[in-house]
Amino acid sequence: MADLLNVEGLETQFYTQDGIVHAVNGVSFKLKEGETLGVVGESGCGKSVTMMSMLRLIPSPPGKVVAGRAMYQGKDLLKISDEDIRNIRGSQISVIFQDPMTSFNPVLTIGRQVAEPLEIHHGMSQKEAYRRVAEMLTMVGIPNAKERLNDYPHQFSGGMRQRAMIAMALVCSPQILIADEPTTALDVTIQAQIVDLVKRLANELGMSMIWITHDLGIIAGLAHRVAVMYAGYIIETAAVKPLYAQPEHPYTIGLLNSLPRMDESGYRRLTSIEGIPPILYEKPNYCPFAPRCRFVRERCWQENPPLLEVGPEHYAACWVNPRTGGYRE
Amino acid sequence: MTIAEVNTKPITPKNQEVLLEVNHLVKYFPIMRGTIIQKQVGAVHAVDDISFKVMRGETLGLVGESGCGKSTTGRAVLQLHRPTSGEVLFEGKDLVKMKGEELRQMRRRMQMIFQDPYASLNPRMTVGDIIGEPLLIHGLATGKEVEERVKELLKLVGLNPSFANRFPHEFSGGQRQRIGVARALSLQPSLIVCDEPISALDVSIQAQVVNLLEDLQRDFNLTYLFIAHDLSMIRHISTRVAVMYLGVIVELADRNDLYANPLHPYTQALLSAIPLPDPVAEEKRKRIILAGEIPSPVNPPSGCRFRTRCPLAAPICAEVRPEFREVAPGHFVACHLV
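Sequence positions are assigned chain by chain, starting from 1 and proceeding in written order. By the order in which they are written, chains take letters starting at A while ligands take numbers starting at 1. Thresholds applied to this predicted model are a pLDDT of at least 70 for local features of residues and 80 or more for the giving and counting of side-chain atom pairs; totals over whole chains, interfaces and linings are not thresholded and use all residues.

**Student:** What am I meant to see in the overall build of chain B here?
**Tutor:** Segments assigned H or I by DSSP are reported as helices when at least four residues long, segments assigned E as strands when at least two residues long, and all are numbered from the N terminus. Per the secondary structure count, chain B includes eleven helices and 13 strands. Each principal axis of the C-alpha atoms in chain B carries an extent, and together these give about 65 × 65 × 40 Å. Put simply, chain B has 338 residues, and 43% of those count as buried. In chain B, 64% of the contacts between residues at least 6 apart in sequence involve partners at least 24 apart. Three exposure classes are used, all based on how many other C-beta atoms lie within 10 Å of a residue's own C-beta (placed from the backbone): buried at 20 or more, exposed at 12 or fewer, and partly exposed between those limits. Remark: residues whose backbone-derived C-beta atoms lie within 7 Å of one another are considered to be in contact.

**Student:** Could you clarify how one ought to interpret the interface of chain B and chain A in this entry?
**Tutor:** Reports often express the size of an interface as the amount of accessible area lost when the parts come together. Contact residues are listed per partner, giving 44 residues for chain B and 45 residues for chain A. Of all the secondary structure elements, the ones that give two or more residues to the side of chain B that touches chain A are β1 (6-7), α6 (203-220), α7 (231-237), α9 (265-273) and α10 (279-284) of chain B. Looking at which element gives the most residues to the side of chain B that touches chain A, the answer is α6(B), with eight residues. Three categories are distinguished: nonpolar for Ala, Val, Leu, Ile, Met, Phe, Trp, Tyr, Cys and Pro, charged for Asp, Glu, Lys and Arg, and polar for the others, with Gly belonging to the last. In the side of chain B that touches chain A, the residues fall into 24 nonpolar, eleven polar and nine charged.

**Student:** What is the right way to read the pairing of strand β2 (residues 18-33) of chain B from this model?
**Tutor:** When a strand is regular, its side chains alternate between the sheet's two faces. Residues and elements named next belong to chain B. Relative to strand β3 (residues 39-55), β2 is paired through 13 bridges, and the arrangement is antiparallel. Paired with Val26 across the strands is Asp48, a residue of β3. For two strands to pair, DSSP has to find at least two bridges joining them. In sequence, β2 turns back onto β3 through a hairpin of five residues, with Gly34 there showing a positive phi of about 100 degrees. In the sheet, β2 pairs with strand β5 (residues 85-90) via five bridges, with the strands oriented antiparallel. If you follow Asn23 over to β5, its bridge partner there is Glu87.

**Student:** Please clarify how the sheet that holds strand β5 (residues 75-76) of chain A should be interpreted in this entry.
**Tutor:** The strands making up a sheet associate through hydrogen bonds between their backbones, and the pairing can be parallel or antiparallel. Residue and element names in this part refer to chain A. An order of β2-β1-β4-β5 is seen for the four strands of this open sheet, with the pairing classed as antiparallel. Edge positions in the sheet fall to β2 (19-32) and β5, since each has one partner strand and no second. Bridge count for strand β1 (residues 3-16) against β2 is eleven bridges, and the pairing is antiparallel. Residue pairing across strands places Gln13 opposite His22, the latter belonging to β2. Along the sheet, helix α1 (residues 47-54) contacts β1, β2 and β4 (63-72); its crossing angle with β1, the most-contacted strand, is approximately 110 degrees. Axis definition: a line fitted to C-alpha atoms, over the contacting stretch in the case of helices. Angles run 0 to 180 degrees between N-to-C directions.

**Student:** Explanation requested: the environment of Glu128(A) in the structure shown.
**Tutor:** Residue and element names in this part refer to chain A. Following the sequence through the fold, Glu128 ends up in helix α4 (residues 126-139). Judged by local crowding, Glu128 falls into the partly exposed class, with 14 C-beta atoms found within 10 Å. Between the C-alpha atom of Glu128 and that of Ser91, which follows or precedes it by 37 residues, the distance is 17 Å.

**Student:** Is there a simple way to think about the environment of Gln268(B) in this case?
**Tutor:** Residue and element names in this part refer to chain B. Tracing the backbone through its elements, the reader meets Gln268 in helix α9. With 16 C-beta atoms counted inside 10 Å, the residue Gln268 sits in the partly exposed group. Considered as a pair, Gln268 and Ile288 are 20 residues apart in the sequence and their alpha carbons are 7.7 Å apart. The residues contacting Gln268, other than those within four sequence positions of it, are Pro262 and Ile288.

Any functional reading would require information beyond the geometric quantities listed.
Set out below in structure tokens:
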């Protein structure tokens, strides 16, 4: 399968009163056609900032993309004109945001907002666009879609708003859908509905997806490939099964061990990761996870490890082999 | 990869002494209309006739989706919301009938840990003042004693005793939650209501706080009423689990029993909706996807509350409210079809 998107060496910084925050520190990844990439990490690890940088949605100031390329259809998304990026956003690359309440304009009707991309990108008339929107809302499971076009966002429940958000993201049949924690604000039974829906639609429409989350559970059933982020770096990436079966980075191992498993029998004390994630005011010349790592060795403090190939298509940024405790070969 | 030791012994309470008994607890919040002359036009049926017992030394998990009444239950138990009707027996004494000084004295025995570690600590008080305040209010210590006790408590929850002079904003979410735990412990209570104490924390920090709560429970024989929406975490920490839906308990059972053998259709759907952090297991799983959303608690469905979303609903479900009955030893369920 061909690479649809190729991001290389992306770096984003925020200029704050306390100094320069290094939010994304040289992130590279690829997205293949029809593939779902899961991006996992805790709050502040740079997972959302990476995607928003790529789409040039970082408010500047205070943010600035200082290095990197994001190649899509032979063009660098970071270099093309403002008009070109606007044409791509919404029609070819769409985003579903976390909070369905604040992502809609409260004074415009749902129909108006979901139809907007069609009118802008496809030059449809309002009547045509509304007909298409009604179809789309029905497809995402909103009952009586036609009558609800004139409803305002507050008249929709959280789950319904997230469905409308998905309809808005998909209405122009994009090639790539970026879902930024779309189910975090929802209850589990509603989350199951939404995940099921997006998975089915992506399959039917042949869409590629990037799913950003902190929930290792959702990713397990959804993604083909996973990238784990920490302190603005991708610290491990692999196909979904090897990543869960044989995680190679101590942080990934720590995350998996700190989760209680519903399907386990008996009781197991959770293994926590001591300490807290750092805020990077300068780029570290040591491994950013070293202060919290159980496997830390001398070299970890001397040099920040790059992504090393630790298995077929499996990369981890760690000098130490967590199974032996010694350095990797 | 080092997998943590598997301890197959479930955490069971040492004896079967009932610490807390809740009988037919009801809490309605009135809906008022009118500007000058206020008239009640309806009520939010937040908690509608629930009964359960909590044994000394155990953790009862209270789980459900947002708006199901689990937090209201926790607050009604502590009399932070006075119940509309029902009994809350703490060591056999009914808290609902108590007021004034008598109730205040009882409050020493029951404390609460809140969800939001940012909103539940006064930003203008030092950590020492926050943790020491309950001691002063109840007149249990003065001056130097308070200071000493605060230092002990900070050590107990894994914080440096010298932090007593700092302010809450200097701490991370996980550390703040530890401060909240220290405050709850300061009066040496028997019962602690934990209202979603970890849901605002990052994954790697959640385990730290849960382990702390488990250690403290063991060391001080604490009893927890643990409220959460995360079913995996509830399974981990609880001895028994009660599942709530729209103001009622639909199922209550021993932890292992509930997860291995859920009887209520809602519990079954809820459990199947939880994603597992295991791609191989996920491939084989069948989800029960519930249609629709939780109805409004202002005007809940007749009969069984869950019938509007239940895949098995029968005509009787709309007519008669199912009785909450014991179908196997210690396994209670409210469903006509079980």
